[in-house]
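Listed below, chain by chain, are the residues.
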Amino acid sequence: MTRIYNTTISGCDTMWQGLIVDYIGTVILEDLNSIQDAHEAINLGPKGNLLMNNSEIINSVTGIKVPPTYPSLFGGTVDLRQARFGMYASSFLPDYHGQPMHGAIPYAGVDVSDAVLSIGDDGYGTNTFHNMNIGVRGFRSDLNVYNCTFDSIRAIYFYNSKGNASAVVIIGDTANNVASSLRVHPIDPSLKNMDYCQTGVYSFYSNLAVYGCFMDHMFDGVTVYNCKDNLVTGVNGNEINARKYGIFLFDNYGGSYQNFEANQITIDGEKTGVGILAQELVKGNSFNYNIVLNTINLVNGKAGIEMINLDKSTVSYNRINLFPGTISTAPTSSGILIETGQNNTVSCNDVFGFGDADTLRNGYKVSQSLGNKLLCNSSDSIGYAYLFEGAGCTGTLFKGNYIGKSYSGLYLNSAAIIGQQPIQQLPTLAYHGNIWLDSARYSSGYGAVNMNDTNGTSLIFSLFTTNQGVASHNPVVPDSAGEGPFYVNDQGWFDPQNSGSHFDCTHAGTCNTQFGGGGDDEFRMMVIEDSAVTSEFIEESKFLSQQQVYKELVHDSILRISNELYNDFVTDKSTSSIGQLHEVALRFIETNLIDSALNIAIVNAREALQSKTDSLFNINHLIVSDTTSYLIYQKENLLEKIKDDKIVISDLVFQLKAQSDAVISSVSALNGSISASGIPDGNEKFINEMYFRYRKEGINVITQEYSNILPVAIQCPSSGGPVVYKARILISLVNDSIEYNDGEVCRLLGIYRMQNVKNDIYINELKIIPNPTNGYAQLVFSGLIGNDFTVEIIDVLGRIVLSKSIGNVTNTCQLQLSGFENGLYSIKLSDRSGNHLTEKLIINK
């Protein structure tokens, strides 16, 4: 045992190696000791013990090091009481001869591997970590972090491991299937757990619990990545003030329960900032995010809560305030944003803005997302209260929502279908009871607007059946295509009845009741008959709608039996790209649902392991003041049992992954054999391939294929399909600062059209002959013909690839297109008043 009092150990002209503790040796640093200028100040080896009280390790590359001992576990102890770590000098001393390379500030204060340890103790003074790359790092370890503060944790040139620039990092070992675990505990309320750090807590392949912490002046708060193989996450009751992300969740498919509750988050500083961002590359029945009771303040950011490609998650009782920020540079913001998700429940949330004329801010936005439930939410003082985009929103349940003061309360874009409310074939269902205000509260003059009105039948696909005796259930809708600001006729979209009951949130019992959604026969038949179901992106919308109807029917044998045409449709599409891509998606899900017995065994083994690690935490706490042979024997016995449990879990996960890899190999071959017929399925096939390669080869694939993935990511989702959002997830792995301007890209393609206005119309019909074309096309007009037109050709990325002015037009215009690549384009014809018509053009040479 070595006991040191009131002593400074430092380098002279150069840095030095540091102290090494042999075998079961013990180092006690008490009363104002200072270790400085070391590469590894204290290396505890496989069984060393350290008590550090009112002392510091500063200006050293690594403070405390516990080296890897896998598959064995670290047998020593680390007891920190009012310890100080960090960089306080202007620079390190010069390197000693042969010193390993390092960055300009410390790598980590505490860096441990294969350990079960508590870092800090609530019964003593606070430990501080200042001005370094990582505060506490655990690898293949189970850590409890108590009574520690971290400030000025930042990224630095040279260090490049997972979790860089994070106050606390926990990393599991996916190569050996050994997960880690971390609990970060609250501290004195007068202190901040993390302050001026790039990231507060970073978790990779680990169980995680972060509760009651205060993180201020952060770039990111908490990152949870790869929480798979039945691992669990809880981030609850924290206050997080950040520039970019409050809580960032990615690639956690296959994890167990994930709970994010009662956090208070403020995002201010990044236009792409999000309070809670959850994004997955695979949808699956086994996954569940629970995001409840959070308060999020968003200043000049993208979304309060953003969900990308989630399935069966719950978002409830959250309060989101959208502050205007700097209007001149403001991005499009949403309180809750759902992108290519399905079967999620969004209920009893409140979104509040600060101006009904600010159309950059939406309350709830749903894009290309199937079968989601929006129940008993409220929105007030916002631009668009509830906004739906794309034919992929069928099966939505929109029920009991309060639609407060806004520019327009409910808005469907010209490619949107949300399904009937309630389904017309089920008249026994109560009307859905959504609450609108009088038209004066909507500064556009309309409580609800459906831009998908060109085909009269398309309004029926989103039909609202209401009780005419309740004025608040029947908003004012546009009734003339000749009047602004929307220039659509939505007569027939709301169908008031003389009697009938209606849903009321105050008597619902519970906000998360899973009401039934679904489609309707008229919509299915229109899709099966290959009829147009939207006003824009007709071919793409047909394909996306066929995908959704196929998915519904292929899993509902009773429904197929009820109609022979349904069964014929499934049979016909099963061998097309629609059926094959659906099979690929199902096989994705199977990769984590292959063997339920294995999954159950893993859960049970993890619970047994947790019980043993909790016991070891207690023994470590006792052993500091009581080194009797009995406690030491207990500890050694527990260490062996924990090691054995981890080996058992590793073997179980290995079996699960072996089965999963076999499925991935076969489904990759299936995906490669698919013949895509258009843009949405071509995109999906390509992004599937990128996912296969990413899973096998890692992030380098995304870097190599960046220039090929980006063109998919920047497409208008209503044209490119839901997989556009999956492309954005992949892009974010190497570049998460892109602000996707869907509004402008889709507008250029015609999706956010303002229909022809009043009597200034020059042309009321535009045809392209032939279409598809192999390089030559003729525009044919009808209606009143005048002069001074502009023709623009726009590709699927929203880029204007040709613009020309034409005058003295009779009724035709010829276009030479031989220099254009094959693909989908839009032809936009504009008059001198700014009115325009668009048509789609396919070039296939």
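That block above? That's the structure.
Predicted model only: the values in this text are computed from it and were never measured. (Residues numbered from 1 in each chain as written. Predicted model: local features only at pLDDT ≥ 70, side-chain atom pairs only at ≥ 80, totals over all residues. Heavy atoms only, no water.)

Our focus in this paragraph is the overall build of the protein chain. Per the secondary structure count, the protein chain includes 14 helices and 54 strands. Counting all 845 residues of the protein chain, 59% fall into the buried class. Here the analysis covers contacts within the protein chain between residues at least 6 apart in sequence; of these, 72% occur between residues at least 24 apart. Carbon and sulfur atoms form 50% of the exposed surface of the protein chain, whose accessible area is close to 31800 Å². (Helix = DSSP H or I, 4+ residues; strand = E, 2+ residues; numbered from the N terminus. Buried < 20%, exposed > 50% of the residue type's maximum accessible area, 1.4 Å probe, protein only. Contact = heavy atoms within 4.5 Å. Areas by Shrake-Rupley, 256 points an atom, 1.4 Å probe, with all protein chains shown as cover.)

In the structure shown here, the tally under the stated rule is 25 salt bridges. Linking R140 and D173 is a salt bridge whose minimum nitrogen-to-oxygen distance equals 2.9 Å. Taken as a pair, R140 in the loop between β15 (134-139) and β16 (142-145) and D173 in the loop between β18 (166-171) and β19 (180-184) lie far apart in primary sequence, 33 residues in all. Residue K643 pairs with E640 through a salt bridge whose shortest N-O separation is 3.4 Å. Here K643 pairs with E640, and both are found in helix α8 (residues 629-672), just three residues apart, close to one helical turn. Accessibility expressed as a relative area gives 18% for K643, which makes it buried. Bridged by salt links that share partners, the residues K65, D111 and R137 form one connected network. (Salt bridge = Lys/Arg side-chain N within 4 Å of Asp/Glu carboxyl O.)

Strand order in the open sheet formed by four strands is β1-β4-β7-β10, with parallel pairing between adjacent strands. Since the sheet does not close on itself, it has two edges, and those belong to β1 (2-5) and β10 (77-81), each with one partner. If you compare each strand with its neighbour and ignore which way they point, the axes differ by 5 degrees on average. With five bridges connecting them, strand β4 (residues 26-30) and strand β7 (residues 49-53) associate as parallel partners. In the sheet register, E30 faces β7, and the bridge partner there is N53. (Pairing = 2+ DSSP bridges. Axes fitted to C-alpha atoms, helices over the stretch in contact; angles between N-to-C directions.)

Okay, the nonpolar core next. L80, F85, F150, M194, F388 and L410 are the most contacted members of the largest nonpolar core, which totals 167 residues. At 10 residues, the largest contribution of residues to this core is made by α8. (Core = buried A, V, L, I, M, F, W, Y, C linked by side-chain atoms within 4.5 Å.)

Moving on to the state of the cysteines. The full count for this structure, using the stated rule, is one disulfide. Here C376 connects covalently by a disulfide to C505, the sulfurs 2.0 Å from one another. Its torsion about the S-S bond being -100 degrees, the disulfide of C376 and C505 is classed as left-handed. In this pair, C376 sits in the loop between β38 (373-375) and β39 (378-380) while C505 sits in the loop between β47 (494-497) and α2 (521-528), placing the two residues 129 residues apart along the sequence. (Disulfide = S-S within 2.5 Å.)

So, on to the packing of aromatic side chains. Going through the model one piece at a time under the given rule, you end up with 25 aromatic pairs. Three or more aromatic residues joined by ring pairs form one cluster here, namely Y364, Y386, F388, F398, W436, F464, W493 and F494. In this structure, R84 packs its charged tip against the face of Y88, placed 4.1 Å from the ring centre. (Phe/Tyr/Trp six-rings, centres within 6.5 Å; stacked < 30°, edge-to-face > 60°. Lys NZ or Arg CZ within 6 Å of the ring centre and 35° of its normal.)

Now for the pairing of strand β12 (residues 108-113). Of all six residues in β12, six are buried; the element is thus mostly enclosed. Alignment of β12 against β15, held across five bridges, turns out to be parallel. Across the sheet, A108 pairs through a bridge with I134, a residue of β15.

Those residues of helix α5 (residues 564-573) not exposed but buried are Y566, F569, V570 and K573. Seen along its axis, α5 keeps its buried residues to an arc of 95 degrees; they face one direction. The N-cap residue of α5 is N563: its side-chain oxygen and the backbone nitrogen of L565 are 2.8 Å apart. (Arc of directions from axis to C-beta. Polar contact = N/O pair within 3.5 Å; in protein donor to acceptor, adjacent residues only side chain to side chain.)

Moving on, we come to the sheet that holds strand β29 (residues 289-292). Strand order in the open sheet formed by 11 strands is β13-β16-β19-β22-β24-β26-β29-β32-β35-β38-β41, and the pairing between neighbours is parallel. Of all strands in the sheet, those bounded by a partner on one side alone are β13 (116-119) and β41 (397-399). Looking at each pair of strands side by side, their axes are set apart by 5 degrees on average, direction ignored. Here β19 pairs with strand β22 (residues 206-211) via five bridges, running parallel. Following the sheet pairing, S181 is matched in β22 by N207.

This paragraph deals with empty space enclosed by the protein. In this structure the tally under the stated criterion is five cavities of 30 Å³ or more. When residues in the lining of the second largest cavity are grouped by element, the largest group, four residues, is from strand β46 (residues 464-467). In the lining of the second largest cavity, the residues fall into three nonpolar, eight polar and no charged. (1 Å grid on protein atoms, 1.4 Å probe; cavity = no way out; pocket = protein on both sides within 12 Å on 5 of 7 lines; lining within 4 Å. Points joined across faces, edges and corners; volume = space filled by probe spheres on them. Nonpolar A, V, L, I, M, F, W, Y, C, P; charged D, E, K, R; others polar.)

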